[in-house]
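Reading the structure
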Amino acid sequence: MSITKDQIIEAVAEMSVMQVVELIEAMEEKFGVSAAAAVAVAGEAAVVEEQTEFDVMLTAIGANKVSVIKAVRSATGLGLKEAKGLVEAAPCAVKEALSKGEAEALKKELEEAGASVELK
């Protein structure tokens, strides 16, 4: 007769903390594995999830600084002085925490103005 996962979970739930620690040590020894390695692998799997927010980074102004300033102003709503300061401070973030579509559209707009842009 085989034992189901639910039966094993119920049995572990009834154990004291010390008994669970001893069980884990016995399993590590029996199967030649480490519970810490399993936690690390599970953590890496969680990190692989798809990125949902992007930062639009202005990496270089390019030859047409005025067009880039205009594009930054229209995208951010900044005044002329603030937009000029932002552009001259490149590399810097133009906008942060955008959706992928918004970030791609802004990147395209800035590149058409002559700037070098990357998404992070």
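In this report, we go over the structure that sits alongside the text.

Criteria and thresholds
- Residues numbered from 1 in each chain as written.
- Predicted model: local features only at pLDDT ≥ 70, side-chain atom pairs only at ≥ 80, totals over all residues.
- Heavy atoms only, no water.
- Pairing = 2+ DSSP bridges.
- Helix = DSSP H or I, 4+ residues; strand = E, 2+ residues; numbered from the N terminus.
- Axes fitted to C-alpha atoms, helices over the stretch in contact; angles between N-to-C directions.
- Contact = heavy atoms within 4.5 Å.
- Parallel < 35°, antiparallel > 145°, perpendicular 65-115°, else oblique.
- Left-handed = near helix turned anticlockwise from the far one by under 90°.

**Side note on the sheet that holds strand β3 (residues 116-119)**
Ordered in space as β2-β1-β3, the three strands form an open sheet in which the pairing is antiparallel. For this open sheet the edge positions go to β2 (92-98) and β3, each flanked by a neighbour on one side alone. The sheet shows a mean angle of 20° between the axes of neighbouring strands, direction not considered. Bridging between strand β1 (residues 54-60) and β3 involves four bridges; their strand directions are antiparallel. Paired with Met57 across the bridge in β3 is Glu118. The sheet contacts of helix α6 (residues 100-112) involve β1, β2 and β3, and relative to β2 the element is tilted by about 155°.

**Observations regarding the packing of helix α4 (residues 65-76) against α6**
Where α4 meets α6, the closest approach of the two axes is 8 Å, and the angle between their N-to-C directions is 155°. Relative to α6, the element α4 is oriented roughly antiparallel. As α4 runs across α6, the sense of the crossing is right-handed. Between α4, through Val68, Ala71, Val72, Ser74 and Ala75, and α6, the contact on the second element is made entirely by Leu106, Glu109 and Leu110.

The values reported here are purely geometric and, on their own, carry no functional implication.
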